[in-house]
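This is what each chain is made of:
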Amino acid sequence: MIDQTSPFGSLREQLLDAAAKFAGGPVAVSEVLSGLVDDVDRALREELEIFPVCHHSPASALAMVRRLREKQPKVIYLELCEDLQPLLTELRNCKLPVAVQAFATELDGFPKKWAPLSVVAPITEASAEYQAISYALETPGVELVLVDRSADHVYQWMPDEEPSGDKPKEPEEEAGLHGDAVGVEIGDLRPRFAELEEHLLHHGKVRHWSEWWDQYVEQPLSGADHDTYRQVMVLIGSLFRRLNRDPERLALDEDRERYMWTRMREHLSATGADPADCLYVCGAFHAASRVEQFGLKSTAAFEITPRTATKWLYGLIPSSHSAIEAQFGLASGSVSIAAATWAKALTRDGLTPFQLAGQKGARKRAAKLPAPVPRAEAADKLTGFLSAPPTLDGLDEAELLGWSVDIVRLARRNGYLASTADAIAVFETSILLAGMRNRARPTPYDFQDAAVTCIEKDVVPGRRDVRRLCEILLGGDRVGEVGYDALPPLARDVHDRLAPLGLDLEKRTIQRALLDLNANPELVPCSDLLWKLRYLLPSDAVRPIMGERRLGERSIQESWDLALGRNQRAIIELGYEGVTIEQVLEMRLRRSVWDPRATAAVALAAVEDSVLYLGSRRFTDELGARAVELLAAERTVDDAPEVLRRIRRLLAYYRAHEPELPAWCEAFVTGGYAHYCTLLPTAFVDDDTGVRQVGAMLGFLFTMESLALALGCDRAQLELAVQQSHPEAPAKVALLWAARHQLGLLPLADLRARCDELLANPLVIPSFPHYITGFVQAVELAPGLSGFVVEVISKAFGRLPDRVLLPWLPKLITTLRDQAGELMPALVREAGRTFPGSLAALDAWAPPWSARPKPVPTRPVAAGPVTELLAGHPSACDAVAELLGCAGEWRAPGGAGNREVSALLAGHPEPTLAVAALLG
């Protein structure tokens, strides 16, 4: 049944007739076509004027400027998270594009693994939303009301799985300005029917959706009147809605529509505003809504759930064209092209857009409003728009010619061998491509393709290709900036404390800061702050060129590369965590040690960072006490090497700078001694525990032994642990031998004999390299064994067959590099002392561990009191010889040798008698 009172009755009849002729009878397509008209009719009949928009669309922005000047509404309802409204006034202190952000790290009501939560809504000048915001904030008596779900509801309505924003592509660093936030797409308009989008792109002869939209929607609507714009946008929104194949997304959008209509009815009821003086700005997809809550006359209720107890923080972060494109899946350069189209349309139509007073980077424009125009009855504009062919803009040819000349000039600056002939070729090819694609005039996308075809060579001479040069020519990747007054307190504090450096920290270029801390001690606080920022911010934000900060050491001169302007978003998000850098650093360190996955190594790292950056003894002791707790609770020794390395460094620092060790250090040493003694037998036989971990455990036990014993530990505990260890892996067997030697249970001669037996056993030779790995790790627990390790490696290289040695060498090198890198300097020094220093001495060199012939005595041993004393008590000499691994025999003293000595002693017997009396 056709409504005769509707202005679209004629259009509906035409569409139904066309559907019947096309399909040969009434089918579902006729219902879709008639439904499109019904949706347009319904939206236009609504008492509250609905203004459909598309995200960052110049046509929507132009239509918004015209409609605001005509209607001059008193209330504007905007599709944007309602809790973001207090931030909109801060846009005056920013340079567009920027993004309004809601951020949460302390979650209550959401899974902890979702943290941090982030919602961003980017805003550009060429958008209908910004024009509405500027009009409302700059016009007295106008109220702006955000009616979309809150940031909390954005995550409440998400599926149970972990949310993930659209990951930005990585061609440009600005593409990551939004991080992994969930984007709020104001006025998102894109088909959710893959076959439909593919069909439109194929028959439109375009590559991506942004190009299709610019060709078939943006350009035709940029100069259209208000009624035509509204009807076409609602028609497109209705088409995408009816052909939607994503029921979950559609259900979510319908809930948003119910939410927004409920909020608008509540506001009208509370304020008594006249709907005729109101304007509802929403996406074209939502303008064609069919939910039961649609319209002011609807009585259908919708229950809005309360927000969770999650603490949300709000602020502005810089955005960019590439960040918007990456987050919302737009084609590269499409937002820049939209900005260029916006600027061109303003000049062509003589429009004065709305803008916030005092906004950075914007020209001052008069904001005089004409007398409002009364609303006329809506008429059918769809029929004429759909049937009329597009018209060619007379300025396009001149503009295309200017583009062609400029791209050649820009290409030459970037190393391309382009000439005037290339400019002519780009111009003609652009027109040719537009004709091949059935376009009335060349678009920026045709120009890009033509420039690539005519100028691009086999090799890109610089870092920018021709397509990127075209994007720069058409406007480039404009990057926004949040002004000082709109920054959170932490970010302002950073700027204030770094002011003595004399740098403009808001610049996006990399700036060099030179600090002579001896000559200018007032720069020491700046240095301290830069090291803290280095710890908290991305690596490219604050980068030290000269100078370092380690325990007990401070640089006297430093050089820094600062790019804080490029990393403004990171600094702003730090402001969500605290008021000062020190507070944020303390919170992060405390959070890291109390994390359920924290280990003793993590806690010791936090202790070290606390000493380096905060200097708070109380806080450091708190972290140290937590390290003791974590060590006692560990059931594995995977982090033993890291624990040993860090506790050694901290003990060395405290011994050099403190009168006594902190209580937590003493507790860590005693607790670690007992802990590792307990786990040692299990670690020796556990296949999942590597030789490096066992070596680090033994290193802790032996190197900390003196301190542990002084603090009350019992050495018998270590001896029992070693005696109870029975490893089978060759590397761990070597470690056990080294530990037994360090305890005095295995003399060096016996250890050398065992290694010689291994080398002499053909069955053991293939596994001998693993023994060497264990002996290398033994240097950690017994540095005195470094000479013996050099001896073992030298014997292996000299005796192992090539079939065993050659395949093992690469593994030995990689193992030493990965697991014993810190031990190699000691082995290299020992090798330098052992081997000759010149090539000439190598031929006559004999290894100190090789067997030497017994010396043949040429003369008898001289007789005397000393000789008689040693011969009378040979046990002492025998014990020393056995300890040193020397074999010898006793010879009887003779009286014929050393007559001079005998005569001297006989002539002066007093010293000899005095020594004899002392020893007697």
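Heads up: these notes are all about the structure in this document. (Residues numbered from 1 in each chain as written. Predicted model: local features only at pLDDT ≥ 70, side-chain atom pairs only at ≥ 80, totals over all residues. Heavy atoms only, no water.)

What to know about the overall build of the chain
Then, number 1: Helices and strands together make up the secondary structure of the chain, namely 39 helices and 15 strands.
Then, number 2: Across the 920 residues that make up the chain, the buried fraction comes to 49%.
Then, number 3: Counting only contacts in the chain whose residues sit at least 6 apart along the sequence, the fraction spanning at least 24 positions is 76%.
Then, number 4: Only carbon and sulfur atoms are counted for the fraction: they give 55% of the accessible area of the chain, which is about 43700 Å². (Helix = DSSP H or I, 4+ residues; strand = E, 2+ residues; numbered from the N terminus. Buried < 20%, exposed > 50% of the residue type's maximum accessible area, 1.4 Å probe, protein only. Contact = heavy atoms within 4.5 Å. Areas by Shrake-Rupley, 256 points an atom, 1.4 Å probe, with all protein chains shown as cover.)

Focus on the sheet that holds strand β11 (residues 511-516)
Strand pairs in the sheet, formed through backbone hydrogen bonds, run parallel or antiparallel to each other.
Then, number 1: As summarised here, the arrangement of the 3 strands in space is β11-β13-β12, forming an open sheet in which the pairing is antiparallel. The open sheet has two edge strands with one neighbour each: β11 and β12 (542-546). Ignoring strand direction, the axes of neighbouring strands in this sheet form an average angle of 25°.
Then, number 2: Across 6 bridges, β11 lies against strand β13 (residues 557-562) in antiparallel orientation. Its bridge partner lying in β13, A513 is registered against W560. (Pairing = 2+ DSSP bridges. Axes fitted to C-alpha atoms, helices over the stretch in contact; angles between N-to-C directions.)

Thoughts on the pairing of strand β5 (residues 117-123)
Then, number 1: Buried residues dominate β5, accounting for 7 of its 7 residues.
Then, number 2: Bridge count between strand β4 (residues 98-104) and β5: 7 bridges; the pairing is antiparallel. Bridged to A104 within β5 is L117.

What to know about unusual backbone geometry
Then, number 1: A cis amide bond, omega 5°, links L96 with the succeeding residue P97.
Then, number 2: For P97, the position within the fold is in the loop between β3 (94-95) and β4.
Then, number 3: Even without a glycine there, the phi angle at Q72 is positive, about 50°.

Considerations on the packing of aromatic side chains
Then, number 1: Following the criterion strictly, the structure yields 21 aromatic pairs and no others.
Then, number 2: With a centroid separation of 5.1 Å and 35° between ring planes, the pair formed by F103 and Y576 is classed as tilted. Here F103 is found in strand β4, whereas its partner Y576 is found in the loop between α20 (568-575) and α21 (581-593), with 473 residues between them in sequence.
Then, number 3: Given the relative accessible area of 6%, F103 is considered buried.
Then, number 4: With a centroid separation of 6.3 Å and an interplanar angle of 70°, the aromatic rings of F110 and Y155 are classed as edge-to-face. (Phe/Tyr/Trp six-rings, centres within 6.5 Å; stacked < 30°, edge-to-face > 60°.)

So, α20
Note on helix geometry: an α-helix contains 3.6 residues per turn, so any two residues three or four positions apart are oriented the same way.
Then, number 1: For α20, a buried count of 8 out of 8 residues is recorded, marking the element as mostly surrounded by other parts of the structure.
Then, number 2: For α20, the secondary structure elements touched by its buried residues are β4, β9 (313-318), β10 (481-482), α18 (489-497), α19 (524-536) and α21.

A closer look at the environment of F240
Then, number 1: Position of F240 among the secondary structure elements: in helix α8 (residues 226-242).
Then, number 2: Taking relative accessible area as the criterion, F240 reaches 1% and is therefore assigned buried.
Then, number 3: Between the alpha carbons of F240 and L36 there is a distance of 9.9 Å; along the sequence they are 204 residues apart.

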